[in-house]
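A look at the structure
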Amino acid sequence: RGDTITRQGATADWLYILITGEAEVWLEGQEQERHLLSTLSAGAVFGEMGLLTGAPRTATVIAKSDIEAYRLGKDGLAAIMSS
């Protein structure tokens, strides 16, 4: 709870699959203003666009509760897609 899973602007090395718990997606603006975009729950996948395109993260994701999540990197994704 309260841990940052990924931060806006960071390099996208992983996509995440949320197994249990909830996470919040925040857009961080100028002068430290933040806007809640969404709350994710079990079954949600996030971070896939950055992983596929190489673009930096567009939002910050913070665990709202204790969570369990899997993360999948480029090599793992490539192996799945080629199967």
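The following refers to the structure shown.

Describing the overall build of the protein chain
A tally of regular secondary structure across the protein chain gives two helices and seven strands. Seen in sequence order, the protein chain has helices and strands lined up from the N terminus as β-β-β-β-β-α-β-β-α. Over its C-alpha trace the protein chain gives a radius of gyration of 13 Å, about what one expects of a compact globule, namely 12 Å for 83 residues. With the C-alpha coordinates aligned to their principal axes, the bounding extent of the protein chain is approximately 45 × 25 × 15 Å.

A word on the sheet that holds strand β6 (residues 60-63)
By way of backbone hydrogen bonds, the strands of a sheet pair with one another, either parallel or antiparallel. Reading across from one edge, β1-β6-β3-β4 is the order of the four strands in this open sheet, with antiparallel pairing throughout. The sheet terminates laterally at β1 (4-6) and β4 (34-41), the two strands that pair on one side only. Taking each pair of neighbouring strands and ignoring which way they run, the sheet shows an average axis angle of 30°. Two strands pair when backbone bridges link them, and strand β3 (residues 22-28) and β4 are joined in this way by seven bridges, in the antiparallel orientation. Within the sheet, the bridge partner assigned to W26 lies in β4 and is L36.

Points about the nonpolar core
Listed in full, the nine residues of the largest apolar core are Y16, L18, A23, V25, L40, A44, F46, A59 and V61. Contributions of two or more residues to this core are made by β2 (14-20) and β3. Each residue touching L18, except ones within four places of it in the same chain, is listed here: A23, L40, S41, A42, G43, A44, I67, E68 and A69.

Quick notes on the layout of surface pockets
Size it by volume and the largest pocket reaches roughly 250 Å³. Ranked by residues supplied to the lining of the largest pocket, first place goes to helix α1 (residues 48-53) with four residues. Of the residues assigned to the lining of the largest pocket, the class counts are seven nonpolar, five polar and two charged.

Parameters at a glance
- Residues numbered from 1 in each chain as written.
- Predicted model: local features only at pLDDT ≥ 70, side-chain atom pairs only at ≥ 80, totals over all residues.
- Heavy atoms only, no water.
- Helix = DSSP H or I, 4+ residues; strand = E, 2+ residues; numbered from the N terminus.
- Rg over C-alpha atoms; globule rule 2.2 N^0.38 Å.
- Pairing = 2+ DSSP bridges.
- Axes fitted to C-alpha atoms, helices over the stretch in contact; angles between N-to-C directions.
- Core = buried A, V, L, I, M, F, W, Y, C linked by side-chain atoms within 4.5 Å.
- Buried < 20%, exposed > 50% of the residue type's maximum accessible area, 1.4 Å probe, protein only.
- Contact = heavy atoms within 4.5 Å.
- 1 Å grid on protein atoms, 1.4 Å probe; cavity = no way out; pocket = protein on both sides within 12 Å on 5 of 7 lines; lining within 4 Å.
- Points joined across faces, edges and corners; volume = space filled by probe spheres on them.
- Nonpolar A, V, L, I, M, F, W, Y, C, P; charged D, E, K, R; others polar.

Purely spatial values, then, with no claim about function.
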